[in-house]
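Each chain is listed here by its residues.
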Amino acid sequence: MPRAPLPCPPLPVDAILPRLVDALAAAGVAVLVAPPGAGKTTRVPLALLGQAPGRIVMLEPRRIAARAAARRLAQTLGERVGETVGLRVRGETRVSRQTQVEVVTEGVLTRLLLSDPEASGIGTLVFDEFHERSLDADLGLALALHARALLRPDLRIVVMSATLDGARVAQLLEAPVVESLGRAFPVEVRHGRAPRSRSPRDVAEAVAGATLDALSEGSVLAFLPGTGEIRQAAERLESAVPPDVDVAPLYGDLSAEAQDAAIQPAPAGRRKVVLATSIAETSLTIDGVRAVVDSGLARRPRHDAASGMSRLETVRVSRAEADQRAGRAGRTAPGVAVRLWSPAEDAALAPFARPEILDADLAPLALALAAWGADPDELAWLDPPPAPAFAAARTLLTDLDALDRDGRLTPHGERLAGLAMHPRLAHLALRGGQTPLCADLVALLSERDVVRPDGPAPVDADLRLRLEALRGARPHIAGGRIDGGAVQRVRQEAARWRSAWNARGGSEPLDDAARLVALAYPDRVAQRVAENAAGVRYRMRDGRTALLDRTQPLADAPFLALAALDDRMGGARVFLAAPLAQEDIEAAFADQIVTEDSVSWDGQAVRARRTVRLGAVVRSEKRLHDADPNAVAAAFLDGVRAEGAASLPWTKESARLRARLAFLHHHAPEDWPDVSDAALTETLADWLGPFTGGMTRLADVARADLSQALTALVGWKRTGDIERLAPSHTVVPSGSNVPLDYSEPAAPVLAVRLQEVFGLAETPRVLGGRVPLTVHLLSPAGRPAQVTQDLASFWQTGYFDVRKDLRGRYPKHAWPDDPTTAEPTARAKRRI
């Protein structure tokens, strides 16, 4: 039996605990809304002890909050963690046979449920700080509700939060809502000067300045978006704070010891400045804090399902988060909260933070649901996972051999789901043989980079340098420096995996790292394709591109395995990579490398190639000498089609034939084909195809007789009809055989010197006499003197005006009084 709680000062939540116990007993589910300081985290689990069979498992969103909650609960019972109150977080398990309350992080619950869907031995699940809406919390609640509906109707569920849309959660759970008052001292909210920009330097400078001003109130808790800003603010403050002030960073990557030290109250006679990320918003009370300085910013991951990549975005906090942060100043006494944004910006804050499930990488969730045996639409969600992101996650899992083509979990996928890591890293570990190098890489890729920027130049992206640092070397890293604390944390994590896998042996070659990274990120096997002012461009297996700074030592590598990058506009930027040998690609993806013969038009000619590729990554390419002639012909026609029929080398003869056919089609479209550019381009295969054997360039068409191709389009039997209806020439009275111009389909032109048609009484016609020619009567110099379609009328009237105008200029030419009876002549001048 657990000890009775030691006497403690009353807390506001104590007043509603009987109602919560009764509601839970009646409905099996309950929602508790309690403001910061109410005491829900430390009071509720102990109040539920003995109320139902089975252990109480309480979920906390972060390791630091879980450790702090377990410690406070145990202290309330006068015990140590591991007795009545236990703890399960990554890298630390402190439970015993007498443990009845387990404080766990959310991912631990997911693994518990996947390994035991009936949640054997668990009587009550308590979701603390659910308002943070982490992906693991949403998934854990969905699985718990599903288990309760199908397998464990007696499983009790409590959802607790300080700032939560209680009605919405209660509707999802079909649960009563119990509300508690808070214990918060008055907090005066002030607005300070906002940072000039969201750059780390400007944010750190603004927070450091406001913190120095706030020290007059006592110890200060300052909120910054990330570790970079925390380091810069700490450097600024270390040399500026009074001697009685200690500066302590607080963020997730710190060791447990450093985190615990940060949240301890300042020693008597001293003050403390805690520089924290959003990790300190909830579930933590830092005694002695009288002032909060809030940058109003948080850094959150955003995953792009279309690109398959994630980036960290610095965003404005929500109203709920700002209130949570301000409340830290009033947990134990009246305090002050300094907000580094304007009142107008304050009024525009969103009510709540965007749920992580809407923006996160859903591969872990998709794997968990496959292991659970359910699709997303079979579970209850406050916000269901977005369909495009979920589909992209399942595609990745298929590439990792975790799912088969029907979306079912494979034996390999079952093993992946059993490892407490991202599916990518689990695939690396299992396919890599769970070696010491695998452990190093899993630990390294699970944490923040162990190299810190040391100036404006980009940090050397070579992953092997980080591995050298883990092995005790001190490699030179351009643009950065090794963070000893980070290296130590990664070593501890790697040692944990080595122990779990019983991985022994010497150090494997560092060059093996690239192959292992390629296993984890098969979509990020990348090939060097170009270099420009923006950097060296690499094309990844899925066709996306990534940029590497030209000054990077890796920039000459023909192939890279990319481990860390973002999805910035204009191409992802590479942060971490390793050079990949062709043999590594063959070893890792032998069954996915394909050989393709392709015949295509490259804009100038037909290109026949044999390509060996892994997706968009080309391993080799050479000219294909025995390409299928039909494929070559089809590709050539594709090229002609792309350029259009107008681009063909039309000779004068073929162009004239085309014009005659256009004339015939214009007047009898039902009998004659359309030979316009658009129509000929569309029907290339019909009329030009039979004449293009062996052709690969547009210039090759000059070898073909386009007149024959057009005639074939019409039909050889109709050549006589073409000549009869649209003759190429006509004989005029002088005896000359004059060509006709059909460039204007409505009215073909006969251009002839005036003297050659003396005696021609009627206008010549074509198309069986239906269409008169437009006669251009030319001067002796060959210039049009008159245009007519009525010669008879011209001889009677127009001729005499023309003769009057031209006779003076051309006196040696014939200008008879009666052109209808005069002798036609093709001579330039009269005989003397």
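Details of the structure are given in the entry above.
Residue numbers here run from 1 along each chain, matching the order of that chain's written sequence. In keeping with the model being predicted, local features are shown solely for residues with a pLDDT of at least 70 and side-chain atom pairs are shown and tallied solely at 80 or more, while totals for entire chains, interfaces and linings include all residues. With hydrogens and water set aside, each side-chain value is computed from the structure's full complement of heavy atoms.

1. A look at the side chain of Thr-692
Note that Thr-692 resides in the loop between helix 24 (684-687) and helix 25 (706-714). The term polar contact refers here to a pair of N or O atoms within 3.5 Å; inside protein, the definition further demands a hydrogen-donor-capable atom paired with an acceptor-capable atom, and it admits residues adjacent in sequence only when both atoms are side-chain atoms. In this structure the side chain of Thr-692 is engaged in a polar contact, spanning 2.9 Å, whose partner is the backbone oxygen of Gly-689. By definition in these notes, contact holds between two residues if any of their heavy atoms fall within 4.5 Å. What Thr-692 contacts, discounting residues up to four positions off in sequence, is Ala-633, Phe-636 and Leu-637. Runs of E in the DSSP output that reach at least two residues are strands. Runs of H or I that reach at least four are helices, and both are numbered from the N terminus.

2. Considerations on the packing of aromatic side chains
Between the rings of Phe, Tyr and Trp (Trp by its six-membered ring), a pair exists once the centres lie within 6.5 Å; its type follows the angle of the planes, with under 30 degrees stacked, over 60 edge-to-face, and the other angles tilted. What the rule picks out here adds up to 11 aromatic pairs. Note on Phe-663 and Tyr-742: the rings are 5.2 Å apart at their centroids and 55° apart in plane angle, and the pair reads as tilted. Residue Phe-663 is found in helix 22 (residues 652-667), and its partner Tyr-742 is found in the loop between strand 28 (737-741) and strand 29 (749-753); the two are separated by 79 residues along the sequence. Throughout this description, buried means an accessible area under 20% of the type-specific maximum (1.4 Å probe, protein chains only), exposed means over 50%, and partly exposed covers the range between. Exposure remark for Phe-663: the relative accessible area of 0% places this residue in the buried category. Taking the relative accessible area as the measure of exposure, Tyr-742 reaches 3% and is therefore buried. An angle of 55° between the planes, with centres 5.3 Å apart, marks the rings of Phe-794 and Trp-795 as tilted. Residue class for Trp-795 comes out buried when judged on its relative accessible area of 3%. Chaining the aromatic ring pairs together yields one cluster made of Phe-758, Phe-794, Trp-795, Tyr-799 and Phe-800.

3. Digging into the side chain of Thr-211
Within the secondary structure layout, Thr-211 lies in helix 7 (residues 200-214). Polar contacts involving the side chain of Thr-211 include one to the main-chain carbonyl oxygen of Val-207, which spans 2.7 Å. The contact partners of Thr-211, leaving out residues within four places of it in the chain, are Val-220, Ala-222, Leu-237, Val-273 and Val-293.

4. Let's talk about the sheet that holds strand 29
Reading across from one edge, 27-28-29-32-33 is the order of the five strands in this open sheet, with mixed pairing throughout. Bordering the open sheet on either side are strand 27 (729-731) and strand 33 (784-788), each of which pairs with just one other strand. Recorded for the sheet is a direction-independent mean angle of 30° between the axes of neighbouring strands. Examined bridge by bridge, strand 32 (residues 774-778) and strand 33 share four bridges and lie antiparallel to one another. If you follow His-776 over to strand 33, its bridge partner there is Val-787. To get an axis, fit a line to the C-alpha atoms, keeping to the stretch in contact for a helix; angles then go from 0 to 180 degrees between the N-to-C directions. Running over the sheet, helix 27 (residues 791-807) touches strand 32 and strand 33 and is turned about 165° from strand 33. At least two bridges found by DSSP between two strands are what make those strands a pair.

5. Describing the nonpolar core
What we call a nonpolar core is a set of buried Ala, Val, Leu, Ile, Met, Phe, Trp, Tyr and Cys residues that are connected through their side-chain atoms within 4.5 Å. Counting residues in each nonpolar core, the largest one holds 108 residues, and the members touching the most others are Phe-127, Ile-157, Leu-173, Leu-441 and Trp-501. Tallying contributions element by element places helix 5 (residues 135-150) first for this core, with nine residues.

6. As for empty space enclosed by the protein
Lining residues are defined by having an atom within 4 Å of a point belonging to a cavity or pocket. Those points lie on a 1 Å grid over the protein atoms alone, cavities being sets where a 1.4 Å probe fits but cannot get out and pockets being open sets with protein on both sides within 12 Å along at least five of seven lines. Grid points are joined across faces, edges and corners, and a volume is the space filled by probe spheres set on the points. Under the defined criterion, the tally for this structure stands at two cavities of 30 Å³ or more. Estimates place the volume of the second largest cavity at around 40 Å³. No other element matches the three residues that helix 5 contributes to the lining of the second largest cavity. Throughout, the ten residues Ala, Val, Leu, Ile, Met, Phe, Trp, Tyr, Cys and Pro are labelled nonpolar, Asp, Glu, Lys and Arg are labelled charged, and all others, Gly among them, are labelled polar. Each residue belonging to the lining of the second largest cavity can be placed in one class, and the counts come to seven nonpolar, no polar and one charged.

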